[in-house]
Amino acid sequence: QVQLVESGGGLVQAGGSLRLSCAASGRTSSPFAMGWFRQAPGKQRELVAGITSGGNAYYADSVKGRFTISRDNAKNTVYLQMNRLKLEDTAVYYCNLQFGGGDVRIGSGYWGQGTQVTVSS
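Residues numbered from 1 in each chain as written. Predicted model: local features only at pLDDT ≥ 70, side-chain atom pairs only at ≥ 80, totals over all residues. Heavy atoms only, no water.

## Quick notes on the pairing of strand S11 (residues 115–120)
Because side chains alternate across S11, one face comprises the buried residues Thr-115, Val-117 and Val-119, and the other comprises Gln-116, Thr-118 and Ser-120, none of which is buried. The pairing of strand S2 (residues 10–13) with S11 spans 4 bridges and is classified as parallel. When the sheet's bridge partners are listed, Leu-11 is paired in S11 with Thr-118. Bridge count between strand S9 (residues 91–99) and S11: 3 bridges; the pairing is antiparallel. Note on S11: the bridge partner recorded for Val-92 is Gln-116. (Buried < 20%, exposed > 50% of the residue type's maximum accessible area, 1.4 Å probe, protein only. Helix = DSSP H or I, 4+ residues; strand = E, 2+ residues; numbered from the N terminus. Pairing = 2+ DSSP bridges.)

## Regarding the pattern of salt bridges
According to the stated counting rule, one finds 4 salt bridges in the structure shown. One salt bridge connects Arg-38 with Asp-89, and the closest N-O pair in it is separated by 2.9 Å. Of the two residues, Arg-38 sits in strand S4 (residues 32–39) while Asp-89 sits in the loop between strand S8 (77–82) and S9, which places them 51 residues apart along the sequence. Taken as a pair, Arg-38 and Asp-89 share a single burial class, namely buried. Ionic pairing is found between Arg-66 and Asp-89, a salt bridge with its closest N-O pair at 2.7 Å. Of this pair, Arg-66 sits in the loop between strand S6 (57–59) and strand S7 (67–72) while Asp-89 sits in the loop between S8 and S9, and the two are 23 residues apart along the sequence. Residue class for Arg-66 comes out buried when judged on its relative accessible area of 5%. (Salt bridge = Lys/Arg side-chain N within 4 Å of Asp/Glu carboxyl O.)

## Observations concerning the nonpolar core
Met-34, Trp-36, Leu-80, Met-82 and Tyr-93 are the most contacted members of the largest nonpolar core, which has 27 residues in total. Mapped onto this core, the elements with two or more residues apiece are strand S1 (2–7), strand S3 (18–26), S4, strand S5 (46–51), S7, S8, S9 and S11. Residue contacts for Leu-80: discarding those within four places in its chain leaves Leu-18, Arg-19, Leu-20, Trp-36, Val-48, Ala-49, Phe-67, Thr-68, Ile-69 and Tyr-93. (Core = buried A, V, L, I, M, F, W, Y, C linked by side-chain atoms within 4.5 Å. Contact = heavy atoms within 4.5 Å.)

Next up, the structure:
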C-alpha cells in the first residue's frame, strides 16, 4: 500500500512560479516511476511530467521549457517546479506513483488527493 501527499498548490499571477511536492510512504521498496497529472473542469486528465525510477524525465509539449520534474529518492518525494505559469495551467494537479522501470501511464498506479493550482491575470 502506498500513500501520496501533495503540497504547494495555490493562486499565482501569470508569469509567476510554484513548486509542487509529493511525498510517498508505504511500500516503495520496488522500482517506481512518479509523475504529475492535471485536470481542468470539463477536460480530460493529462500527463504533465513524469520521471522514471532511473531519473529519466519527460514532459507534455505544453509545459516543456517551463516545468521541471525531479525526485529525491531518499525522501521518496517528487517535485514539480513550475515557472512562467499561464492561465491555461489552471487545474487540479495530481501526483501519481507506478511500480516498474518504465514511464508512468494514465489509469495506473496510486494517486494523491490533488492540489489546486490557479493562475490569474
